[in-house]
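# Structure assessment
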Amino acid sequence: MADTTPRDEGLPEALRFRSPAPLVDIGANLTHPSFAQDLDATLERARHAGVTSLILTGTDREHAEQAAALAREHAGLYATAGLHPHGASEWSSSLEASMRELHRRPEVVAVGECGLDFNRNFSTPAEQERAFEAQLGLAAESGLPLFVHERDAGARLHDILHAWRDDISQAVVHCFTGERRTLHGYLDLDLHIGLTGWLCDERRGHHLRELVGDIPLERLMVETDCPYLLPRNLPAKLKGRRHEPALLPWIVREIAHWRGLTEAELARATTATARRFFRLEAADDNHPALEEGH
């Protein structure tokens, strides 16, 4: 008999993957409006695919509050809280106070998404650096790890993080797309690296295939960055082309191939790294949804 449960809605048969071991998606933008109508089904599809934990990205005050609210409602969901470099011009003392309050909540497990983006410069480089340094201060104050965005700003980001490295706990450069020199600069700072479906893009992701083996397994994590960065080499077309957490096993399969590992080995390693990095065991002990039995 065909499986007609809600988890299958929205994904064709060829895209119903299941990881051989539990996965953590460290970057899911589930507060994006495209998930508003089918969030529960999206989470069910993720669970069926073996994606048991999701870190919801908070890119400004509004989305951080929404991410934290979702994390309070659903077991296995956690949130970050920060200001994306695109919005760095909005940084203020009021916003800093709001972020400080968010960082005290048990469901918030990282400071960010914050960093530098010199590719589009929606905020000036000076504004971006000001907001980033302020959030580095919040990370040092709270002890939370950093969830970092960087594009076309590797050298400057490295210099700033080098100056702060002794003051912050851990940091992950999420959705890494840079070159070898940039990668090794981050690794020299003992940073973690998040990889996405960018690796699956035949137009621009080829160089990453040669770099995945350079990342120590204890510093590698995986993410969808959904609804963005839908893998281009999926075995079937996806209506609407919205990326979602249930597709993370496909990205893991691709990374495992280029590292010469099995999917299970990579899944177990990246999940252990993510749970350690975000201190999910400690977060679980105080997670509102878990306490309430959701």
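Residues numbered from 1 in each chain as written. Predicted model: local features only at pLDDT ≥ 70, side-chain atom pairs only at ≥ 80, totals over all residues. Heavy atoms only, no water.

A count of helical and extended segments in the protein gives 11 helices and eight strands. Against the compact-globule benchmark of 19 Å for 294 residues, the protein has a radius of gyration of 18 Å, which places it among compact chains. Counting every position in the protein, which comprises 294 residues, the buried fraction comes to 57%. The long-range fraction of contacts in the protein, counting pairs at least 24 apart against all pairs at least 6 apart in sequence, stands at 76%. Of the roughly 12,400 Å² of accessible surface on the protein, a fraction of 48% belongs to carbon and sulfur atoms. Side chains of the protein carry 32 positive and 46 negative charges; the gap between the two charge centres is 4 Å. (Helix = DSSP H or I, 4+ residues; strand = E, 2+ residues; numbered from the N terminus. Rg over C-alpha atoms; globule rule 2.2 N^0.38 Å. Buried < 20%, exposed > 50% of the residue type's maximum accessible area, 1.4 Å probe, protein only. Contact = heavy atoms within 4.5 Å. Areas by Shrake-Rupley, 256 points an atom, 1.4 Å probe, with all protein chains shown as cover. Lys, Arg positive; Asp, Glu negative; His and termini not counted. Charge placed at Lys NZ, Arg CZ, Asp CG, Glu CD.)

With an omega of 20 degrees, the peptide bond between glycine 112 and glutamate 113 qualifies as cis. Within the secondary structure layout, glutamate 113 lies in strand 4 (residues 108–117). If you check the backbone angles, leucine 229 has positive phi at about 60 degrees while not being a glycine. Of note, leucine 229 is situated in the loop between strand 8 (220–222) and helix 8 (248–259).

A few words on the UniProt feature "binding site: a divalent metal cation 1" (unreviewed entry) in the protein. Residues annotated by UniProt as "binding site: a divalent metal cation 1" (unreviewed entry) correspond here to Glu113 and Asp225. Spanning 113 residues, the named residues form one tight spatial group whose C-alpha atoms are at most 11.5 Å apart. A relative accessible area of 4% places glutamate 113 in the buried class. Discounting residues that sit within four places of it in the chain, glutamate 113 has contacts with Thr57, Gly58, Thr59, Thr80, Gly82, Leu83, His84, Phe147, His149 and His174. Checked against the element boundaries, aspartate 225 lands in the loop between strand 8 and helix 8. (UniProt positions renumbered as here; feature names shortened; annotations may be inferred.)

Further remarks concern helix 4 (residues 125–142). Relative to the 26 Å expected for 18 residues at 1.5 Å per residue, helix 4 spans 25 Å between its end C-alpha atoms, a close match to the ideal helical length. Every buried residue belonging to helix 4 is among Gln128, Glu129, Ala131, Phe132, Ala134, Gln135, Leu136, Leu138 and Ala139, and all of these are buried. On its buried face, helix 4 sits against helix 3 (93–103), strand 4, strand 5 (146–151) and helix 5 (154–164). Positive phi appears at glycine 143, one or two residues downstream of helix 4, with a value of about 80 degrees. (Expected span 1.5 Å × (residues − 1).)

Glancing now at the sheet that holds strand 2 (residues 51–56). Strand order in the open sheet made by the eight strands is 1-2-3-4-5-6-7-8, with parallel pairing throughout. The sheet is open, and its two edges are formed by strand 1 (23–28) and strand 8, each paired on a single side. Across this sheet, the average inter-strand angle for adjacent strands is 30 degrees, counted without regard to direction. Pairing analysis gives five bridges linking strand 4 to strand 5, with the strands arranged parallel. Considered in strand 5, the bridge of glycine 115 is made with histidine 149. The strands touched by helix 2 (residues 61–73) within the sheet are strand 2, strand 3 (77–81) and strand 4, with strand 3 carrying the most contacts at an inclination of about 160 degrees. (Pairing = 2+ DSSP bridges. Axes fitted to C-alpha atoms, helices over the stretch in contact; angles between N-to-C directions.)

Take the packing of aromatic side chains next. Here a ring pair, both rings aromatic, is described through the centre-centre distance and the interplanar angle of the planes. Scanning the entire structure with this criterion turns up three aromatic pairs. Relative to phenylalanine 278, the ring of phenylalanine 277 has its centre 4.8 Å away and its plane inclined at 80 degrees; by these criteria the two rings are edge-to-face. Note on accessibility: phenylalanine 277 and phenylalanine 278 belong to one class, buried. Directly above the ring of tryptophan 198 sits arginine 204, whose terminal nitrogen or CZ lies 3.7 Å from the centroid. (Phe/Tyr/Trp six-rings, centres within 6.5 Å; stacked < 30°, edge-to-face > 60°. Lys NZ or Arg CZ within 6 Å of the ring centre and 35° of its normal.)

The sites that carry the UniProt feature "binding site: a divalent metal cation 2" (unreviewed entry) are, in the present numbering, His149 and His174. Across 26 residues, the annotated set stays spatially compact, with a maximum C-alpha separation of 6.0 Å. Those residues in contact with histidine 149, other than ones at most four positions away along the chain, are His84, Pro85, Glu113, Cys114, Gly115, Leu116, Asp117 and His174. Side chain to side chain, histidine 149 and glutamate 113 meet in a polar contact 3.0 Å long. As for its position among the elements, histidine 174 is in the loop between strand 6 (171–173) and helix 6 (180–188). The contacts of histidine 174, once residues within four sequence positions are left out, are Glu113, Phe147, Val148, His149, Gly194, Glu223 and Asp225. A polar contact is formed between the side chain of histidine 174 and the side chain of glutamate 113, at a distance of 2.9 Å. (Polar contact = N/O pair within 3.5 Å; in protein donor to acceptor, adjacent residues only side chain to side chain.)

For the α-helix, the turn length of 3.6 residues means that residues three or four positions removed from each other point alike. Its 13 residues give helix 2 an end-to-end C-alpha distance of 19 Å, which sits within 8% of 18 Å, the value for a rise of 1.5 Å per residue. Along helix 2, the positions that sit buried rather than exposed are Ala64, Ala67, Ala68, Leu70 and Ala71. One side of helix 2 holds all its buried residues, which, seen down the axis, span an arc of 160 degrees. The N-cap residue of helix 2 is aspartate 60: its side-chain oxygen and the backbone nitrogen of glutamate 62 are 3.3 Å apart. (Arc of directions from axis to C-beta.)

This brings us to the side chain of aspartate 225. Here aspartate 225 sits buried without a salt bridge, and the closest side chain of opposite charge, arginine 204, lies 9.0 Å off (N-O distance). With residues near it in sequence (within four places) discarded, aspartate 225 still touches Asp25, Gly27, Asn29, His174, Cys175 and Thr196. (Salt bridge = Lys/Arg side-chain N within 4 Å of Asp/Glu carboxyl O.)

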